[in-house]
Amino acid sequence: MLAFREISMEDKQAVEACASHHNYHLCEHCFVDLYMWRSHYNTQLCFLDGFVLVKMTPLDGGQDCYLAPIGEGDLGAALDALEQDAAERGITLTLVSVAEPMIERIEAARPGKFDFIHDSEDGDDYIYLAEKLRTLSGKKLQSKRNLVNRFKAAYEGRWSYEDMTKDNIKDAFGYHIRWCNQNGCAQSRDFQGETCAIVQALHNFDKLNLRGGLLRLDGEVIAFTFGCKATEDMYVVQIEKADHTIPGAYQMINQQFVLRNCDDVEYVNREEDLGLEGLRKAKKSYYPAMRGVKYAAVPKGQNA
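Caption draft 1: Structural detail: the pairing of strand S10 (residues 211-217). The buried count for S10 comes to 6 of 7 residues, which makes it a mostly enclosed element. As judged from the 5 bridges shared by strand S9 (residues 159-163) and S10, these two strands associate in the antiparallel manner. By the bridge assignment, Tyr-161 is partnered in S10 with Leu-215. Pairing between S10 and strand S11 (residues 220-231): 7 bridges, direction antiparallel. The partner of Gly-213 across the bridge, within S11, is Thr-225.

See below:
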């Protein structure tokens, strides 16, 4: 079997070096995502001849699966190594988060070996033009502009945005707990996993090169967010939470963060909607420039 192990902070440089060879604009290729969610998905990795190989456990409790190899080198050999590892573990080789442009590379390396499946849009990333999120320009985003302007007018002199620092990180985490209580998710498994992920990210905020922001009203936090520059042309926003009872709070934290952090990238990846109807509606309402479509790949004849 391959020598899979838990991800550590010391892997950051090596993972990012592997990911730099091909920019597929997927959040799973971002070290921050792999690291902060590692406990939730039992994420493990190993390095093999120019690739980082990643194994994880689906939330539905099914068999382990693998990310498509990330890196540059003999892709066919990397695929063969994963297939052998799966066989030794007694599971079917399943590759997940296969970007559309990667299908051609896999086909070239192992022609006709895999079936590629796109079961749903739940896991596809929403990727926006940073300029549009900064300016909210155009007719399609007029409703967002209106909400931002109304918020500023209604709370003039009462609201503030501040960059996330070691001095206010605890305020951000405290708001996460309040948000989950407010939205009735404090006892769910997803809440527990997300809370662990947020703790990991905030505890290692500087080491992960994260940037974040808090939105306050009358001194109280009503929204927070954080993300990182994942590639030369893209920021990934890992977490965003706001008080939905305050009109414009979500739109403000979104715009203010991008204004302050994303002026040197073309795209902002706001990740997937997880099949949640409210989240899907919100993300579509910002009109993404493209979707990070993700396929699963299984050897032909082994797709149940």
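Now that the structure has been shown, the text picks up again.
Caption draft 2: Here's a closer look at the pairing of strand S2 (residues 44-48). In this structure, strand S1 (residues 5-6) lies alongside S2, joined through 2 bridges in antiparallel fashion. By the bridge assignment, Glu-6 is partnered in S2 with Gln-44. Relative to strand S3 (residues 51-56), S2 is paired through 5 bridges, and the arrangement is antiparallel. Residue pairing across strands places Phe-47 opposite Val-52, the latter belonging to S3. The antiparallel hairpin formed by S2 and S3 contains 2 residues in its connecting segment, where Asp-49 sits at a positive phi of about 50 degrees.

Caption draft 3: Fine view of the packing of aromatic side chains. Under the defined criterion, the tally for this structure stands at 9 aromatic pairs. Ring geometry for Phe-151 against Trp-159: centres 6.2 Å apart, planes inclined by 65 degrees, an arrangement best described as edge-to-face. Residues Tyr-175 and Phe-224 carry aromatic rings whose centres are separated by 6.4 Å and whose planes lie at 85 degrees to one another, so their mutual orientation is edge-to-face. With Tyr-175 in helix H7 (residues 169-182) and Phe-224 in strand S11, this pair connects stretches of sequence that are 49 residues apart. A relative accessible area of 4% means that Tyr-175 is categorised as buried. The cationic tip of Lys-241 hangs over the ring face of Trp-179; the distance from NZ or CZ to the ring centre is 3.7 Å.

The rules behind these values
- All chains use their own residue numbering, which begins from 1 and follows the written sequence.
- In keeping with the predicted nature of the model, local features appear solely for residues at pLDDT of at least 70, side-chain atom pairs appear and are counted solely at 80 or more, and the whole-chain, interface and lining totals rest on all residues.
- No hydrogens and no water enter the side-chain calculation; it runs on all heavy atoms of the structure.
- Exposure is judged per residue with a 1.4 Å probe applied to protein chains only, and the accessible area is read against the type maximum: over 50% gives exposed, under 20% gives buried, and values in between give partly exposed.
- Numbering of helices and strands runs from the N terminus, with a helix taken as a DSSP run of H or I at least four residues long and a strand as a DSSP run of E at least two residues long.
- Strand pairing is assigned whenever DSSP identifies at least 2 bridges connecting the two strands.
- Each pair of aromatic rings taken from Phe, Tyr and Trp, with Trp reduced to its six-membered ring, is defined by centres within 6.5 Å and is described as stacked if the planes are under 30 degrees apart, edge-to-face if over 60, and tilted in the remaining cases.
- We count a charge as sitting over a ring when the NZ of a lysine or the CZ of an arginine lies within 6 Å of the ring centre and within 35 degrees of the ring normal.

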